[in-house]
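Fold and contact review
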Amino acid sequence: MSLLSVEELHTSYVSKHRAVAAVDGVSFDIQRGETVGLVGESGCGKSTLGKTILRLLNPSSGSIRLAGTEIADLSQRGMMRHRHRIQMVFQDPFASLNPRQTIYRLLDTPLRVHGLRDRRERQQRITDIVTRVGLSPDALRLYPHEFSGGQRQRIGIARALILRPDLVVCDEPVSALDLSIQAQILNLLADLKRDLSLSYLFISHDLAVVQYFADRVLVMFGGRIVESADHHALWHTPRHPYTKILLQAVPRANHPRREPAEPATARAAAPTESGTGCRFRHRCPAAIARCATEDPTLRRVAANHLAACHLA
Ligand code: SF4
């Protein structure tokens with residue numbers, strides 16, 4: 001059984017009095033111990049997808065099964081029973097950490113809310129997790145503003161892990177950090193995954209980071225998954241023109257960065273651009289007449305490799 005199974009998930013929001021589909025029929029699985037990368041430009045719907053899986057946003061329709069339990073239609077109260085199993089690491093930990101609470105309090109609150117009454121056991125878990133994320137127990141009496149950006153992200157990770165989740169959704173966890181700190185945090189996440197048997201959904205706009213970190217990669221464009229493959233296949237034999245454009249912007253050893261014909265980050269398709277045909281057609285260097293009239297479905301193009309393109 002998959003740890004997470006998402007089927008035909010839709011999430012809409014209202015803009016200028018009309019419903020806009022930010023996530024438009026997305027399906028994928030995450031196995032236990034797996035890191036799945038989710039990559040795409042800003043505005044493609046990847047963060048909305050992550051927040052919907054956590055039920056921080058309500059889906060319009062579709063299924064989210066966590067270890068076989070349907071959570072898409074649970075009330076927020078019903079979701080409380082499952083919240084400890086799926087947690088999130090945010091891009092900006094400072095914005096998500098209450099500035100008036102010490103680190104001890106920040107880590108103690110979720111344990112109390114989830115019913116761990118034994119004070120000594122809570123203390124033990126808190127000390128254990130701050131040590132695991134590379135902070136000294138002395139840090140527990142300090143406040144978030146007394147830490148650097150990298151240390152704050154370590155605190156954000158500790159808070160995500162304090163309830164011992166199975167799945168952690170990491171939403172751009174290193175994009176606000178300096179390059180040298182990024183590597184430290186990625187290494188920390190990799191160590192924690194190994195030591196605590198975690199699974200990750202790792203969301204990023206940066207394909208280089210996702211390629212480094214993920215076992216399998218989902219490429220998202222205009223609210224949909226347009227390609228899904230293991231990281232090796234995606235790197236060496238991408239099948240969707242959008243993935244190829246993203247890869248062109250990634251510097252590789254002996255292959256300096258080539259500027260794509262249109263910068264990959266120039267413009268994400270607005271979810272409203274769907275209409276008929278492929279929603280990538282206005283930027284696609286390979287588009288043919290059929291692309292204007294027929295919307296490609298996500299289909300198998302090789303073993304464990306899916307792509308939504310008529311030419312894949
Ligand atoms: Fe390009 Fe057509 Fe493929 Fe869409 S279906 S990605 S427009 S070739």
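Being a predicted model, the structure only gives us computed values, none of them experimental. (Residues numbered from 1 in each chain as written. Predicted model: local features only at pLDDT ≥ 70, side-chain atom pairs only at ≥ 80, totals over all residues. Heavy atoms only, no water.)

1. As for the overall build of the chain
As a reminder of what qualifies: A helix here means a DSSP run of H or I that spans at least four residues, while a strand means a run of E at least two residues long, and both kinds are numbered starting from the N terminus. Radius of gyration here uses only the C-alpha atoms, and the compact-globule reference equals 2.2 Å multiplied by the residue count raised to the power 0.38. Under the scheme applied here, a residue whose accessible area is under 20% of the maximum for its type counts as buried, over 50% as exposed, and between as partly exposed, the area being computed with a 1.4 Å probe on protein chains only. Note on contacts: a residue pair qualifies if any of its non-hydrogen atoms lie within 4.5 Å across the two residues. Residue exposure ignores everything except the shown protein chains as possible cover, and the areas themselves are Shrake-Rupley values with a 1.4 Å probe. Positive charges come from Lys and Arg alone, negative charges from Asp and Glu alone, with His and the N- and C-terminal ends not counted. By convention, the charge on Lys lies at NZ, on Arg at CZ, on Asp at CG and on Glu at CD.
Tallying secondary structure elements over the chain gives 10 helices and 12 strands in all. Since a compact globule built from 312 residues should have a radius of gyration of about 20 Å, the 20 Å found for the chain is in line with a globular shape. Out of the 312 residues in the chain, the part that is buried amounts to 50%. Once local pairs closer than 6 in sequence are excluded, the contacts in the chain between residues at least 24 apart make up 62%. Roughly 15,000 Å² of accessible area belongs to the chain as shown, and the carbon and sulfur atoms make up 49% of that amount. Here the chain carries 41 positive and 30 negative side-chain charges, and the mean point of each set is 3 Å from the other.

2. What about the site of the ligand?
To be explicit about the condition: By convention in these notes, a residue is near a molecule or strand provided one of its non-hydrogen atoms lies within 4 Å of it. All residues other than Ala, Val, Leu, Ile, Met, Phe, Trp, Tyr, Cys, Pro, Asp, Glu, Lys and Arg, Gly among them, are scored as polar; the first ten of these are nonpolar and the last four charged.
Around the ligand sit 13 residues in total, of which Cys278, Cys284, Cys291, Cys309 and His310 are the nearest. Grouping the constituent residues of the shell around the ligand by class yields 10 nonpolar, two polar and one charged.

3. Comments concerning the pattern of salt bridges
The condition is simple: Salt bridges, as used here, are contacts in which a Lys or Arg side-chain nitrogen is within 4 Å of a carboxyl oxygen on Asp or Glu.
For the coordinates displayed, the defined rule picks out 15 salt bridges. Put simply, arginine 122 and aspartate 108 hold a salt bridge, and the shortest N to O gap is 2.6 Å. Here arginine 122 is found in helix α5 (residues 119-132), whereas its partner aspartate 108 is found in helix α4 (residues 103-113), with 14 residues between them in sequence. Note on arginine 122: relative accessible area 8%, which makes it buried.

4. What about the sheet that holds strand β1 (residues 4-15)?
Strand pairing in a sheet relies on backbone hydrogen bonds. The paired strands run either parallel or antiparallel. Which entries qualify depends on this criterion: For two strands to be treated as a pair, DSSP must find at least two bridges joining them.
Read across the open sheet, the four strands follow the order β2-β1-β4-β5; overall the sheet is antiparallel. The sheet is open, and its two borders are formed by β2 (18-30) and β5 (69-70), each paired with just one other strand.

5. Some remarks on the sheet that holds strand β6 (residues 86-89)
Stated precisely, the cut-off is as follows: Inter-axis angles, ranging from 0 to 180 degrees, are taken between N-to-C directions of lines fitted to C-alpha atoms, where helices are fitted over the stretch in contact.
Across the sheet, which stays open at both edges, the eight strands sit in the order β6-β7-β8-β3-β9-β10-β12-β11 with mixed pairing between neighbours. Of all strands in the sheet, those bounded by a partner on one side alone are β6 and β11 (299-302). Geometrically, the sheet is characterised by an average inter-axis angle of 25° between neighbouring strands, direction not taken into account. The pairing of β6 with strand β7 (residues 167-171) spans four bridges and is parallel. From the neighbouring strand, glutamine 87 faces β7, where its bridge partner is valine 168. Along the sheet face, helix α1 (residues 46-53) touches β3 (35-39), β6, β7, β8 (199-204) and β9 (216-221) and points at about 150° away from the line of β8. Where helix α7 (residues 179-196) meets the sheet, it contacts β3, β7 and β8, and its direction lies at approximately 160° from that of β8.

6. Brief notes about unusual backbone geometry
Here alanine 67, not a glycine, exhibits a phi torsion of approximately 50°, which is positive. Residue placement: alanine 67 occurs in the loop between β4 (61-66) and β5.

7. A word on the confidence of the model for the chain
Our working rule: For every residue, the predictor states its confidence as a pLDDT score lying anywhere from 0 to 100.
On average, residues of the chain score 91 in pLDDT, and 92% of them are at 70 or above. Residue range residues 256-273 is modelled with pLDDT below 50. Its contacts to residues more than four positions away, or to other chains, number 38 contacts.

8. Details of the pairing of β7
Put simply, the rule reads: By convention a crossover is right-handed if, when the strands point away from the viewer, the path from the first strand over the helix to the second runs clockwise.
Burial within β7 is extensive, with five of its five residues counted as buried. Where burial is concerned, the two faces of β7 agree: the one with Leu167, Val169 and Asp171 and the one with Val168 and Cys170 are both buried. Bridge count between β7 and β8: five bridges; the pairing is parallel. Each residue of the ladder has a partner; that of valine 168, found in β8, is tyrosine 200. With α7 bridging β7 and its parallel neighbour β8, the resulting β-α-β unit is right-handed.

9. Observations concerning α5
Defined as follows: In a helix, the anticipated span is given by 1.5 Å times the number of residues less one. Here, the arc refers to the directions that run from the helix axis to the C-beta atoms. A 3.5 Å cut-off defines polar contacts: any pair of N or O atoms within that distance qualifies, except that in protein one atom must be a possible hydrogen donor and the other a possible acceptor, and neighbouring residues in sequence count only when both atoms are side-chain atoms.
Over its 14 residues, α5 extends 20 Å from the first C-alpha to the last, a length consistent with the 20 Å expected when each residue adds 1.5 Å. Those residues of α5 that fall on the buried side of the exposure criterion are Arg122, Arg125, Ile126, Ile129 and Val130. Here the buried residues of α5 occupy an arc of 125° about the axis, which is enough to place them on one side. For α5, exposure combined with an orientation more than 90 degrees from the buried face picks out Arg120 and Gln124. Buried residues in α5 make contact with α4 and α6 (149-161). At the N-terminal boundary of α5, the capping side chain belongs to aspartate 118, with an oxygen 3.0 Å from the backbone nitrogen of arginine 120.

10. Examining the side chain of glutamate 41
By secondary structure assignment, the location of glutamate 41 is in the loop between β3 and α1. In terms of polar contacts, glutamate 41 uses its side chain to reach the side chain of arginine 283, at 2.9 Å.

11. Description of α6
Taking 1.5 Å per residue, 13 residues should reach 18 Å; α6 reaches 18 Å between its end C-alpha atoms and fits that length. In terms of residue burial, α6 counts as a mostly covered element, since 10 of its 13 residues are buried. As for α6, its buried residues are in contact with β6, α3 (93-96), α4, α5, β7 and α7.

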